[in-house]
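# Analysis of the macromolecular model
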Amino acid sequence: MTTLAGLITKDAVVLGCDSLGTSTRYVIDPIDLLDYFDTADKDFKLKTAADGKPLLKSFVDIQNKSAAIPSSHMTHLTKLFSLAPLKAGVMLTGITSIGNRTVKNLIEEFITDKIPTFNDTEYSIKDVSEQLTAHIFSYYEKEFREETGIPSLELILGGYGTKEPLPQIYRIRFPGKDIELQLPGNFGIVFGGQMQEIQRLVFGTDYGNILRLQKRHIELLRKYREMLIETLKKNHIQFEVPELSKDDTVLLDLFADSWSLKGFQSDWGDFSEQNAIECVDFFVNIMIKSQQFSSGMPTVGGDVHIALINRTRGFRFVSKEEYHHQEHYIPKHEPLA
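Right, let's walk through the structure included here. Predicted, not measured: the structure shown is a model, and the values here were computed from it.

### Thoughts on the nonpolar core
Core analysis: the biggest nonpolar cluster contains 29 residues, and Leu83, Tyr140, Leu153 and Leu155 have the highest contact counts within it. Elements represented by at least two residues in this core include exactly strand 6 (88-94), helix 2 (103-113), helix 3 (125-143), strand 9 (153-159) and strand 10 (168-174). Top element by residues in this core is helix 3. It accounts for six residues. Filtering out sequence-adjacent residues up to four positions away, Leu155 remains in contact with Val90, Met91, Leu92, Leu132, Ile136, Tyr170, Arg171, Ile172 and Phe174. By size, the runner-up hydrophobic cluster in this structure holds 23 residues, among which are Leu7, Ile189, Cys279 and Ile286.

Okay, structure coming up:
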């Protein structure tokens, strides 16, 4: 699990991420399954519904009670890559390996084997995204089969093509090979991976709380219907108050008609390059610190890696990128042969 942040200004793209790698497993607390068992029975037999059939109907019922729990950590994971000599970079979240090949290795293979084909030709960031997607998917489809469950991988690729005057960011999702332009025609910030606390700041709430608010909103409408029915009865008024249908709940959705909570406001396009760097660092650190002090095992953490991409000088790491042993240091990102 990871936090990715990509910011587009009028002058640059800034990409940033954490460096903690986490493997997760889906586990179940046996207590969560008690709903399906008769706790008053000494043998804890399965509860049955009104039709006499067990409440526990299939494996899916158990699966729905499971939760993804971090099971192992890997520190100093590389998630941010230069696509030099192109003026572009890419970040990843999700699986880090496809079979015996790491995604890092596949990206480096793309740089050495595929990027030279862009020399002396016009290209867009979309062209680069499509070719990188095809390259990675050629390994993806060989390794994973639908019947075994296909793990997910998400890339955020940003920079400058020769066809567009302004920088762009694309989001790429596997296994669907979905390639989507982010913030079309606008400036701003996009996120990938884990972003609950960031969403609460930027959008006023996070996706999980949006679902809770929607559910609570419908519950209150139903309660209000019951109050209306009771009031009509007390006043001896014969009128049947209709129940909320599925169409009604869609129409009365708390967040319908683009209504949203008030969130973070900023003139993203006018950020200086230094402002953009500090902003990306700020958002990634929000997730790192919130997870550091949460009750669960952190899934975002480690050093923050940040890169600046502009039209004149291309991709440059802003964070200190080096390997070290005791007092000896070497650059982490030397030019590929």
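Following the structure, the description resumes.
### What about the pairing of strand 10?
Put simply, side chains in a regular strand alternate between the two faces of the sheet. The element strand 10 is extensively covered by neighbouring structure, given that six of its seven residues are classed as buried. Here strand 9 runs beside strand 10; their pairing, made up of seven bridges, is antiparallel. Among the inter-strand pairings, Leu153 is bridged to a residue of strand 10, identified as Phe174. Summarising the sheet, strand 10 and strand 11 (residues 178-182) pair through five bridges and their orientation is antiparallel.

### Observations regarding the sheet that holds strand 6
With respect to topology, five strands assemble into an open sheet ordered 5-6-9-10-11, the strand pairing being antiparallel. In this open sheet, the two strands that pair with only one neighbour each are strand 5 (80-82) and strand 11. Each adjacent strand pair in this sheet contributes to an overall mean axis angle of 20 degrees, direction not counted. This element, helix 3, spans strand 6, strand 9, strand 10 and strand 11 of the sheet and lies at about 15 degrees to strand 10.

Definitions and limits used
Position numbers for residues start from 1 in each chain and track the written sequence from start to end. Where local features are concerned, this predicted model is filtered to residues with pLDDT of at least 70; where side-chain atom pairs are given and counted, the filter is 80 or more; whole-chain, interface and lining totals use all residues. As a rule here, side-chain values come from all non-hydrogen atoms in the structure, and water together with hydrogens is ignored. We define a nonpolar core as any set of buried Ala, Val, Leu, Ile, Met, Phe, Trp, Tyr and Cys residues linked to one another through side-chain atoms lying within 4.5 Å. Throughout this description, buried means an accessible area under 20% of the type-specific maximum (1.4 Å probe, protein chains only), exposed means over 50%, and partly exposed covers the range between. Think of it this way: any DSSP run of H or I at least four residues long counts as a helix, any run of E at least two long counts as a strand, and we number them from the N terminus. Note on contacts: a residue pair is in contact if any heavy atoms of the two residues lie within 4.5 Å. In this description, strands pair whenever DSSP reports at least two bridges between them. Every angle, taken between N-to-C directions, lies between 0 and 180 degrees, and every axis is a line fitted to C-alpha atoms, over only the stretch in contact when it is a helix.

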